[in-house]
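Close look at the chain arrangement
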Amino acid sequence: MACLAVSIHAHLVWPSIALGVAVLLVCAVFFSRIDHLRYAYHETEKENELLHTRQAEAERQLQYLRQLTENVDTALFVCSTDGRIDWMNHAASPLISTRRGEDFIPEKIMQAIANHDDVVDGCALSTVLLRIDGQRRLVVALKDVSMLMQRQEMEAWQQLIRVLTHEIMNSLTPIISISETLSSSPLGGGKEGAEAFAVINRRCHALLDFVESYRQLTRIKNPEKTTFPASELFAHVTGLYPQVKTQGEGLLTADRAQLEQVLINLVKNACESGATEVQITMNGGEIRVKDNGSGMSPDVIDHAFIPFFTTKPSGTGIGLALCRQIILKHGGTISVDSQEGKGTTFTITL
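Residues numbered from 1 in each chain as written. Predicted model: local features only at pLDDT ≥ 70, side-chain atom pairs only at ≥ 80, totals over all residues. Heavy atoms only, no water.

**Some thoughts on the overall build of the chain**
For clarity, the threshold we go by: To qualify as a helix, a DSSP run of H or I must reach at least 4 residues; to qualify as a strand, a run of E must reach at least 2; elements of each kind are numbered from the N terminus. The method behind every accessible area is Shrake-Rupley, applied with a 1.4 Å probe, and residues are considered shielded solely by the protein chains displayed.
Tallying secondary structure elements over the chain gives eight helices and 14 strands in all. Here the chain has roughly 22400 Å² of accessible surface; of this, 58% comes from carbon and sulfur atoms.

So, in structure tokens, the structure goes:
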């Protein structure tokens, strides 16, 4: 009986032990999986935080690029190969042409792109061909370099004038001194010699005055800008030239004395060209001086702002060059439109 009891007890205990071991193994696997899941969850959270950080940084960069492309003065386009515009920035808006209700890049620019030109209408042209969403797209950049070229040209002229005037004045000064001495000296050749040296002296002084006028181009001060009504500026000009008519109101921010000098030079040139009517108009930051004088030929227009160039018998060729230098120092532009026999219009943009 004892053996039977032990046998029955063994049959009951060992299955219980096996079941307990199995349960423990299942629990161990379960908790191991939970640990793995917990670790994976924490790692996923870290990756999500990293992704959110990268996304926020990408959005900040995207916002920065949007602000940059919208506020630069370079015209930017994204267009199809036929010129149909998909996107453009603010600087590109004035350049577009509209056909059939859609915006296109002007034909002149598309022709320049086809010819691989680097410059079109005074603007540096750059293009990149990309494939976006399986379609070919052109990224076009147009940068107005005319002002930069004008600045570099004027700086070159200033350097040349600085060197020439220095050398000329260094040569004239001793000649003037010697001529003054000999004109009153017994060694000067008497009356005829004195007269000859007096002529030399006068011509040297005239040449000095002539050279001094060119030195103005190298002595223009940086503008001291203030804000003032355009009517005050116009009143000063019409005070000197009552025949001038003015139109337009508003505020200007500029060096009033320098801008007044520019307008007076332009009005003076108009009167000397035979103009009987001169009108100064203002619209926003744009000032126009229009006359009905003799006008300019295309060749004269091309050289109008170059120092030393003049069509007047007694002109020095610095008036318009001085005007352009002043306007460039204001960060603006000055251009001329003229036809022979029909008058001239100068446009100043500040």
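**Regarding the side chain of Q258**
Operational definition: Any residue under 20% of the maximum accessible area for its type is buried, any over 50% is exposed, and the rest in between are partly exposed; the area is computed with a 1.4 Å probe on protein chains only. Here a residue-residue contact requires only that any non-hydrogen atoms of the pair lie within 4.5 Å.
Along the chain, the position of Q258 falls in helix 6 (residues 256-272). Assessed through its relative accessible area of 10%, Q258 is described here as buried. Each residue touching Q258, except ones within four places of it in the same chain, is listed here: I220, K221, N222, P223, I326 and H330.

**Quick look at the pattern of salt bridges**
Short version of the rule: A pair is scored as a salt bridge if a Lys or Arg side-chain nitrogen falls within 4 Å of a carboxyl oxygen belonging to Asp or Glu.
For the structure on display, the rule yields seven salt bridges. The partner of R60 in a salt bridge is E57, with the nearest N and O atoms 2.5 Å apart. Within this pair, R60 and its partner E57 are both found in helix 1 (residues 2-71), separated by three residues, close to a single helical turn. Overall, the relative accessible area of 51% leaves R60 in the exposed class. On the basis of relative accessible area, E57 is assigned to the partly exposed category, the value being 33%. Note that R137 and D86 form a salt bridge whose closest N and O atoms lie 2.4 Å from each other. Here R137 is found in strand 7 (residues 135-144), whereas its partner D86 is found in strand 2 (residues 85-88), with 51 residues between them in sequence. Within the structure, one salt-bridge network assembled from shared partners comprises D82, R84 and E102.

**Details of the environment of I301**
When you line up the elements, I301 lands in helix 7 (residues 298-303). Each C-alpha atom, one on I301 and one on V336, is 7.2 Å from the other, the two residues being 35 residues apart in sequence.

**Focus: helix 6**
How we decide: Here the expected length of a helix is defined as 1.5 Å per residue gap, with one fewer gap than residues. Between N or O atoms, a polar contact is any pair within 3.5 Å; within protein, one atom must be a potential hydrogen donor and the other a potential acceptor, and residues adjacent in sequence are included only when both atoms are from side chains.
Taking 1.5 Å per residue, 17 residues should reach 24 Å; helix 6 reaches 24 Å between its end C-alpha atoms and fits that length. When helix 6 is considered as a whole, its buried residues turn out to be Q258, L259, E260, V262, L263, I264, N265, L266, V267 and A270. One side-chain oxygen at the N-terminal end of helix 6 lies 3.2 Å from the backbone nitrogen of A257; it belongs to D255. Note on helix 6: the residue one or two positions beyond its end, G274, has a positive phi of about 90°.

**A word on the packing of helix 6 against helix 8 (residues 319-329)**
The criterion, for reference: Fitting a line to C-alpha atoms yields each axis, with helices limited to the stretch in contact; the angle taken between N-to-C directions then spans 0 to 180 degrees. Note on terminology: angles under 35 degrees are roughly parallel, angles over 145 are roughly antiparallel, angles of 65 to 115 are roughly perpendicular, and the others are oblique. Handedness of a crossing is defined here by the sense of rotation of the near helix relative to the far one, left-handed for an anticlockwise turn of less than a right angle and right-handed for a clockwise turn. Here the term charged refers only to Asp, Glu, Lys and Arg, the term nonpolar to Ala, Val, Leu, Ile, Met, Phe, Trp, Tyr, Cys and Pro, and the term polar to all other amino acids, Gly among them.
Where helix 6 contacts helix 8, the axes come no closer than 10 Å and their chain directions differ by 150°. Relative to helix 8, helix 6 is oriented roughly antiparallel. Relative to helix 8, the crossing made by helix 6 is left-handed. Only G319, L320, L322, C323, I326 and I327 of helix 8 make contact with helix 6, whose side of the interface consists of Q258, L259, Q261, V262, N265, L266 and N269. Across the contact of helix 6 with helix 8, the residue classes tally to eight nonpolar, five polar and no charged.

**Regarding the sheet that holds strand 13 (residues 333-339)**
The following threshold applies: Between any two strands, at least two bridges found by DSSP are needed for them to pair.
As summarised here, the arrangement of the five strands in space is 9-11-12-14-13, forming an open sheet in which the pairing is mixed. Both edges of this open sheet fall to strand 9 (244-247) and strand 13, since each of them pairs with a single strand only. Geometrically, the sheet is characterised by an average inter-axis angle of 15° between neighbouring strands, direction not taken into account. Relative to strand 12 (residues 286-291), strand 11 (residues 278-283) runs antiparallel, the two being bridged by six bridges.

**Overview of the packing of aromatic side chains**
Aromatic ring pairs are defined here through the distance separating the ring centres and the angle between the ring planes. Where we set the bar: For Phe, Tyr and Trp, rings pair up if their centres lie within 6.5 Å, where Trp contributes its six-membered ring, and each pair is then called stacked (planes under 30 degrees apart), edge-to-face (over 60) or tilted (otherwise). Charge-over-ring placement is defined geometrically: NZ (Lys) or CZ (Arg) within 6 Å of the ring centre, and within 35 degrees of the ring normal.
Taken as a whole and assessed by the stated rule, the structure comprises one aromatic pair. Their ring planes at 85° and their centres at 6.3 Å tell us that F305 and F346 sit as a pair that is edge-to-face. With F305 in the loop between helix 7 and helix 8 and F346 in strand 14 (residues 343-349), this pair connects stretches of sequence that are 41 residues apart. F346 carries the same exposure label as F305, and that label is buried. Across the ring face of F228, the terminal group of R256 is positioned such that the distance to the ring centre comes to 5.1 Å.

**Examining helix 5 (residues 230-240)**
Note the cut-off: It is the directions from the helix axis to the C-beta atoms that the arc portrays.
Listed as buried for helix 5 are A230, L233, F234 and V237. Along helix 5, the residues classed as buried sweep out an arc of 95° about the axis, all on the same side. Residues of helix 5 that are buried make contact with strand 8 (226-229), strand 9, strand 10 (251-254), helix 6 and strand 11.

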